[in-house]
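# Observations on the three-dimensional arrangement
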Amino acid sequence: MAMDRNFKQQLMAYMAGNFSCREVAALITDYLEGTFTLSQRLRFQMHMGLCMACRNYLRQMKYTVATLRQLPTEPVPPEVKKALMKRFQAWKHEQSSQSSSPDL
Amino acid sequence: MSLWSWPSNLFFVLGIPALQETIQLDEAGMVEALQRGDEAVFSAVMEAYSGSLLRLAMSFVPSRAVAEEVVQETWMGVLEGIGRFEGRSSFKTWLFRILTNRAKTRGTRERRYEPFGLPGSDSDGDDGPSLEDSLFVTEGSGKGHWADPPQGWEPDTPERALLGKECRLAIEQAIGGLPDNQRQVITLRDVEGVSAEEVCNILTISETNQRVLLHRARTKVRRVLDPYVRGEQS
Ligand SMILES: [Zn+2]
């Protein structure tokens, strides 16, 4: 087991290249936004495959984005709606009087 | 909660209670109905988007009252411009661009107060790395490693978490405390789901800048979310 862990650490250091956890965290939005080159993506995914903490962090970031997407919006206050519909009707009236009046 | 649901980008279902029926329109159909002056469609579209417009407006102007005015001005802008709308961008992007232009005019006319909230945030938004740095060991053999390795969040998806009111408020507050430019980017990109390219277009910023601002904003919101999601574990 000890050998396994040692081997895993060495493999991780080798495969992950010079991506530290700190760098992975800094690049996570670039990764999620799909701006990585193929080799960057491979190095990033290699680190992810071997590092549970970064894997958790990536999931947390995805969760954060998904949560933001679910924030409810406020309904329109009735008085604002009423005011806007009035202005809409005025606009419509203006439109129809413009299009029906003969060119002078 | 919005009364109107938008099942996809391809078609909208506009429920018009007064008519006791559901009108199905694609975006072109909706624009065409607005151009003709269809009152029911205008009413439904206005209800569907005003909440999003208000949220975005709040990131530009100093008060809710001004933001509400900007939203109303935006709808006036829609009526003025709908005849010339050609669908080169999505309707939603076009709407957000009108709002942004109006809000910017207001924002410069009226003095902004400093956003409250996260300590150390400045209006230039140049406070990003410090928060992220604090997550890592900065000295010794463990340099660059997690100081407190992130745990898994359970449940895995927010759909199942059904965020509590307190948590939602905390997120809203975190967004409200962000520097303006970070707030604008995260509102458009994450809350509204606008594409990165369109966000750049609406805010007239570069793609790189957009990503830097988004990253800083997301990092802060993640930190605020952390105790709530962990709390649900126990
Ligand atoms: Zn790592």
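Above this note sits the structure.
For the structure given in this document, a descriptive report is provided here. Residue positions are given per chain, counting from 1 as you read along its sequence in written order. Chains carry letters and ligands carry numbers; both start at the beginning, A for chains and 1 for ligands, and go up in the order they are written. Local features in this predicted model are restricted to residues whose pLDDT is 70 or higher, and side-chain atom pairs enter the listing and the counts only when it is 80 or higher, whereas totals over whole chains, interfaces and linings include all residues. The side-chain values count all of the structure's non-hydrogen atoms but skip hydrogen atoms and water molecules.

### Some points on the overall build of chain B
The criterion, for reference: Runs of E in the DSSP output that reach at least two residues are strands. Runs of H or I that reach at least four are helices, and both are numbered from the N terminus. Think of it in three bands: with a 1.4 Å probe and only protein chains considered, a residue is buried below 20% of the maximum accessible area for its type, exposed above 50%, and partly exposed in between. Contact definition: two residues touch when any of their heavy atoms are within 4.5 Å. Every accessible area reported is derived by Shrake-Rupley at a probe size of 1.4 Å, with residue values counting cover from the shown protein chains alone.
The helix and strand tally for chain B stands at 10 helices and two strands. The order of helices and strands in chain B, counted from the N terminus, is β-β-α-α-α-α-α-α-α-α-α-α. Taken over 234 residues, chain B has a buried fraction of 50%. Taking the intrachain contacts of chain B between residues at least 6 apart in sequence as the baseline, contacts between residues at least 24 apart amount to 62%. When the accessible area of chain B is evaluated, it comes to approximately 11,500 Å², of which 50% is carbon and sulfur surface.

### Quick word on the packing of aromatic side chains
Under the convention used in this document: Stacked, tilted and edge-to-face are the three classes assigned to paired rings of Phe, Tyr and Trp, where Trp is represented by its six-membered ring and a pair needs centres within 6.5 Å; plane angles under 30 degrees give stacked, over 60 edge-to-face, the rest tilted. Either the NZ atom of lysine or the CZ atom of arginine qualifies as a charge over a ring when it sits within 6 Å of the ring centre and within 35 degrees of the ring normal.
A complete count under the given rule lists 13 aromatic pairs over all chains for this structure. On the numbers, 4.4 Å between centres and 15 degrees between planes, the contact of A:Phe88 with B:Phe42 is stacked. One end of the pair, A:Phe88, is in helix 5 (residues 78–100); the other, B:Phe42, is in helix 2 (residues 39–58), on a second chain. The buried category is assigned to A:Phe88, whose relative accessible area is 1%. Using a relative accessible area of 1% as the deciding quantity, one classes B:Phe42 as buried. Each residue in the set A:Phe88, A:Trp91, B:Phe42 and B:Trp75 is aromatic and connected to the rest through ring pairs, giving one cluster. The residue whose ring lies beneath A:Arg43 is A:Phe19, and the NZ or CZ to ring-centre distance is 4.4 Å.

### A short note on the coordination of the zinc ion
Residues and elements named next belong to chain A. For clarity, the cut-off: Coordination partners: N, O, S within 2.8 Å of the metal, 3.2 Å for Na, K and Ca; water not considered, so apparent gaps in a site are possible.
Looking at the zinc ion, the protein donor atoms are Cys21 (SG), His47 (NE2), Cys51 (SG) and Cys54 (SG), and they sit 2.1 to 2.4 Å from it. Look at where the donors of the zinc ion fall in the sequence and you get C-x25-H-x3-C-x2-C. In this pair, Cys21 is assigned in helix 2 (residues 21–32) and His47 in helix 3 (residues 38–50), connecting sequence segments 26 residues apart. Taking the relative accessible area as the measure of exposure, Cys21 reaches 5% and is therefore buried.

### Regarding the packing of helix 2 of chain B against helix 3 (residues 64–81) of chain B
Residues and elements named next belong to chain B. Put simply, the rule is: Here the axes come from fitting lines to C-alpha atoms, over the contacting stretch only for helices, and the angles between their N-to-C directions go from 0 to 180 degrees. Comment on the angle field: the value is read as roughly parallel under 35 degrees, roughly antiparallel over 145, roughly perpendicular from 65 to 115, and oblique elsewhere. Should the near helix be turned counterclockwise from the far one by less than a right angle, the crossing is left-handed, whereas a clockwise turn marks it as right-handed. Residue polarity follows a fixed list, in which Ala, Val, Leu, Ile, Met, Phe, Trp, Tyr, Cys and Pro are nonpolar, Asp, Glu, Lys and Arg are charged, and the others, Gly among them, are polar.
Two elements in contact, helix 2 and helix 3, have axes separated by 9 Å at closest approach and are oriented at 135 degrees. One element, helix 2, and the other, helix 3, form an angle in the oblique class. When you trace helix 2 past helix 3, the crossing you get is right-handed. Counted together, Phe42, Val45, Met46, Tyr49, Ser50, Leu53, Leu54, Ala57 and Met58 of helix 2 and Arg64, Ala67, Glu68, Val70, Val71, Thr74, Trp75 and Leu79 of helix 3 form the full contact between these two elements. Taken together, the residues that form the contact of helix 2 with helix 3 break down as 13 nonpolar, two polar and two charged.

### Comments concerning the pattern of salt bridges
All names here are of chain B. Let me state the cut-off plainly: When a carboxyl oxygen of Asp or Glu lies within 4 Å of a side-chain nitrogen of Lys or Arg, that pair is called a salt bridge.
According to the stated counting rule, one finds 17 salt bridges over all chains in the structure shown. The shortest N-O distance in the salt bridge between Asp38 and Arg36 comes to 3.4 Å. Given the relative accessible area of 22%, Asp38 is considered partly exposed. For the salt bridge of Glu68 with Arg64, the shortest nitrogen-to-oxygen distance reads 3.0 Å. Of this pair, Glu68 and Arg64 are both found in helix 3, four residues apart, which corresponds to roughly one turn of the helix. Judged by its relative accessible area of 26%, Glu68 is partly exposed.

### Structural notes on the interface of chain B and chain A
The test is simple: Once two parts are joined, some of their accessible surface, as seen by a 1.4 Å probe, is lost; buried area is that loss totalled over both.
Counting residues at the interface gives 66 residues for chain B and 41 residues for chain A. Taken together, the two surfaces of chain B and chain A that pack against each other cover about 4,900 Å², and 63% of this comes from carbon and sulfur. Its largest share of buried area at the contact with chain A, chain B owes to B:Trp146, B:Arg211 and B:Arg218, together 12% of the area lost on that side. The interface formed by chain B and chain A includes seven salt bridges. In this structure, B:Glu47 engages A:Lys81 in a salt bridge whose closest nitrogen and oxygen atoms are separated by 2.3 Å. Where the side of chain B that touches chain A is concerned, the elements lending two or more residues are helix 1 (27–36), helix 2, helix 3, helix 5 (128–133), helix 6 (158–161), helix 7 (165–176), helix 8 (180–191) and helix 10 (207–231) of chain B. Considering every element that reaches the side of chain B that touches chain A, the biggest residue donor is helix 10 of chain B, with 11 residues.

### A word on unusual backbone geometry
One non-glycine residue, B:Thr204, lies in positive phi territory at about 45 degrees. With respect to the secondary-structure elements, B:Thr204 resides in the loop between helix 9 (196–203) and helix 10.

### Describing the nonpolar core
Heads up, the condition is: Within this scheme, the nonpolar core is defined by two criteria: the residues are buried Ala, Val, Leu, Ile, Met, Phe, Trp, Tyr or Cys, and they are joined through side-chain atoms within 4.5 Å. For every domain, the bounds stem from an assignment made automatically or drawn from a database.
The biggest cluster of nonpolar side chains holds 63 residues, and the ones touching the most others in it are B:Trp75, B:Phe91 and B:Ile171. Sort the elements by how many residues they give to this core and helix 2 of chain B lands first, with 10 residues. Counting contributing residues, this core receives three or more from each of domain 1 (12–109) and domain 2 (133–229) of chain B. Setting aside residues up to four positions removed in sequence, B:Phe91 forms contacts with B:Glu27, B:Met30, B:Val31, B:Leu34, B:Val45, B:Tyr49, B:Ile82 and B:Phe85. Counting residues in hydrophobic clusters, the runner-up holds 17 residues, among them A:Phe19, A:Cys21, A:Val24 and A:Met61.

Distances and angles like these do not, on their own, reveal function.
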